[in-house]
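# Coordinate inspection notes
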Amino acid sequence: MEATASAPQPLATPGCQVYWPAPYEVCGAIRDKYNELGGPNSFLLWPTSNELTNPDGVGKRSTFQNGPIYWSPAGGAHPVANHFFAAWQRNGWEAGVLGYPTSDELVNPDNIGRRQYFQGGTIYWKLNDAYYVAGAIRDKWGETGWETGYLGYPTSDETVAPDGVGRFNRFEHGMIYWSPSTGAHPASGGILTKWAMTNYEAGPYGYPVSDQRQRGQAFDQDFQYGTIGWPTTAVQDDDIDWQEDYIDDGNCPGCGDDDRVAVTGPGWTNAPQPDLAPKSQPDTGQMFGELPLCTDLPTDTGDNPRYSWCRPEPAPALAPQASWTSVLDKPYCKDLPHRQWAGDRKYQCMWREGQLALLDRETGAPLGTLGVVQENQLTTAWNSTTWNVRTALHITGVTGGLDAAQYAMSVYCTSDGSCSHNFNNNEPPHPVAETPYQRDYTMSSPVGIGAISRTNGFAEFTISLPGSNANPVTTKAGVSPVIRCDQVGNRNTSGCIVAGAEPILDMTTRNVPALSGHIGYAQASGLPGAPNGTPLTRTTNDAQIQNNRNISCNRVPRPRPAGQQCDEYPFASTNQGGGANGPARTYQGSCATGMPSGWVVPLSVPVTFWNAAGISMCMMPGRDNMRGGGITGWFYVKNRVLDGDTFYVKGS
């Protein structure tokens, strides 16, 4: 049965009404509004209080099951419910900035959201979020088309800026900032992104002093201390200090490559061939280290086979390298130490050798000896989770009856994700006369969005002598370095690298002389990152990166000298960026132009060690700074430098 308002009860105060079975009086204008909405049949349902006087001693309210109705002499009586009530409560009810309601909830023109007017502003609601907009910010929002304009709905209340002077509201697609001296102006899109990178109004640009204006296909916006443009700069070679050129192999071939081999030579990866012999055996480091010495085998065979594989002792001299020709792609591979993987982030190679004999245990004489060299290389791709592998076997010496021996290769992989290879492990054996033996194959470790896998590949050879009763012998597996594949950022690609190979970015070869010079100065003064020194560590934490910027160049006031930008080192995208609030330095000459005195110390050139902590800043041509930023970003992508990865930078 529908609830109906009862007749006024005999004990009701004049001008009030009781809605039985609720025992509370609803009076005056609040009663009229309640009845207008439908009384207990409205969304408010039943009263839960008598009429109450508000803390200001002026207004009144009555509460209902689903919200109150508030009355004031200036605003009249209006319900405030659900998200509107929460937003009003958050801002101090009638005693706060909004004051009393002056309207009921109203449906917006888009038929999605709602709004409610108050004395000091308007609360807007959309999809369970309600925020207020007021004053000059509300007026400017109205100029943009309210919620149907390009800014959309508010996503924050009006907020006091960190300087305690300005105010701002966030919207779905931008912000509106206000200060007493600049008025209210929206910032959105790429211009807002760039302004945010400079630390908003606290950075070198200050508050906006104009709305955005179109310039051809671009947009510009004036700020107190400069102009920001998007997507192109407002003034040639004059942009925010953190703007990066878009760099890839199309416009800068090789700019993202690892320069390890060119700078330091092939880096030794911490993946020499492990000793896979049983723990009771000595660590010989040989391919056949699990085999006993021939001299340790008894001549009495008993129930054992007549022929047994063993290691000759003393071992024949290692085959001179001239006796075999490498089939790997890089000439430095053959010059590496035995069993040592080396190369760079993308390419690694290794060679190893061993000797074995087949002993006639009845006579104690060897039937023959065999010398082998195994080569391996792998080549990863930054944009693929499949990598190429080459394995080769060289027969470097055969004596006696082992000229009839055969070998067969097997490949397998292990991963903390999934892995596979396309080598045919059922390939028939090959005679030792077939040398060198070479096979190219692939391995794969697919990953999903946000995932990382770590994979090792293995290649081993099994040696046998047909017609003998000797069991086949298998080499210790040639184990690859860990291949890490990921689909984490990096321009929405998935790819693989050698995780243990720290890459080097050589800025001296990237046509950014001013940037390269600054890095060289900074490292000479004691800061980390130089090859063969302490590496830099990447961070992808946006808050940390922004803080690193705020500690450094965002503290240097504008305007910049014409065509110049402020560069900081270590990079803001590293854990070392910002120098952990350590001492700031620059360098006498053009670097120091426009740098504030006091907290930035100008060092003399040539630069000598000053302090291993802190930051370095230098004014330089904007083209160098923007190009260098883009190159660094592309270097991160091509080398898949993830959060926590270490790397080096070479300066001049």
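Before going into details, it helps to say that this report is about the structure given with it. (Residues numbered from 1 in each chain as written. Predicted model: local features only at pLDDT ≥ 70, side-chain atom pairs only at ≥ 80, totals over all residues. Heavy atoms only, no water.)

### Points about the overall build of the chain
Scanning the chain for helices and strands turns up eight helices and 39 strands. For 652 residues, the compact-globule estimate of 2.2 N^0.38 gives 26 Å, and the C-alpha radius of gyration of the chain, at 38 Å, exceeds that figure by more than 25%. A fraction of 62% describes how many contacts in the chain between residues 6 or more apart in sequence connect residues 24 or more apart. Summed over all atoms, the accessible surface of the chain reaches about 27600 Å², with 52% contributed by carbon and sulfur. Measuring between centres, the 44 positive side-chain charges of the chain sit 3 Å from its 62 negative side-chain charges. (Helix = DSSP H or I, 4+ residues; strand = E, 2+ residues; numbered from the N terminus. Rg over C-alpha atoms; globule rule 2.2 N^0.38 Å. Contact = heavy atoms within 4.5 Å. Areas by Shrake-Rupley, 256 points an atom, 1.4 Å probe, with all protein chains shown as cover. Lys, Arg positive; Asp, Glu negative; His and termini not counted. Charge placed at Lys NZ, Arg CZ, Asp CG, Glu CD.)

### As for the pattern of salt bridges
Applying the stated criterion across every chain, the model contains 25 salt bridges. Between K140 and D211 there is a salt bridge, with the nearest N and O atoms lying 3.0 Å from each other. Remark: D211 occurs in the loop between helix 4 (189-197) and strand 15 (213-215) and K140 occurs in helix 3 (residues 135-143); sequence separation between them is 71 residues. With relative accessibility at 27%, the residue D211 sits in the partly exposed group. For the salt bridge of D259 with R510, the shortest nitrogen-to-oxygen distance reads 2.9 Å. With D259 in the loop between strand 17 (226-230) and helix 5 (260-264) and R510 in the loop between strand 33 (504-506) and helix 6 (513-524), this residue pair connects regions lying 251 residues apart in the sequence. Relative accessible area serves as the criterion here: at 13%, D259 is assigned to the buried category. (Salt bridge = Lys/Arg side-chain N within 4 Å of Asp/Glu carboxyl O. Buried < 20%, exposed > 50% of the residue type's maximum accessible area, 1.4 Å probe, protein only.)

### What about empty space enclosed by the protein?
Within this structure, the stated rule accounts for two cavities of 30 Å³ or more. In this structure, the largest cavity occupies an estimated 90 Å³ of space. Looking at the lining of the largest cavity, the elements that each hand over two or more residues are strand 22 (365-381), strand 23 (384-398), strand 27 (437-444) and strand 28 (452-464). Residue composition of the lining of the largest cavity, grouped by class: eight nonpolar, five polar and no charged. (1 Å grid on protein atoms, 1.4 Å probe; cavity = no way out; pocket = protein on both sides within 12 Å on 5 of 7 lines; lining within 4 Å. Points joined across faces, edges and corners; volume = space filled by probe spheres on them. Nonpolar A, V, L, I, M, F, W, Y, C, P; charged D, E, K, R; others polar.)

### Quick word on the packing of aromatic side chains
Here the structure, examined in full by the defined rule, presents 30 aromatic pairs. When the centroid spacing of 5.0 Å and the interplanar angle of 85° are considered together, the rings of Y19 and Y34 count as edge-to-face. Placement of Y19 in the loop between strand 1 (16-18) and strand 2 (25-27) and of Y34 in helix 1 (residues 28-37) is noted, with a sequence separation of 15 residues between them. Under the relative-accessibility criterion, Y19 is labelled buried at 0%. A ring pair is formed by Y407 and F461, whose centres lie 6.2 Å apart and whose planes are at 70°; its orientation type is edge-to-face. Of this pair, Y407 sits in strand 24 (residues 406-415) while F461 sits in strand 28; the two residues are 54 residues apart in sequence, bridging distant segments of the chain. Pair check on accessibility: Y407 and F461 agree, each one buried. (Phe/Tyr/Trp six-rings, centres within 6.5 Å; stacked < 30°, edge-to-face > 60°.)

### Description of the side chain of S308
Structurally, S308 can be placed in strand 19 (residues 307-310). Of the polar contacts made by the side chain of S308, one reaches the side chain of R361; its length is 3.2 Å. Those residues in contact with S308, other than ones at most four positions away along the chain, are L297, A357, L358, L359 and R361. (Polar contact = N/O pair within 3.5 Å; in protein donor to acceptor, adjacent residues only side chain to side chain.)

### What about the state of the cysteines?
Evaluation of the coordinates by the stated rule reveals eight disulfides. Across the disulfide, C16 is cross-linked to C27 (sulfur-sulfur distance 1.9 Å). Here C16 and C27 share a disulfide; its torsion about the S-S bond, 105°, makes the bridge right-handed. One end of the pair, C16, is in strand 1; the other, C27, is in strand 2, with 11 residues separating them in the sequence. (Disulfide = S-S within 2.5 Å.)

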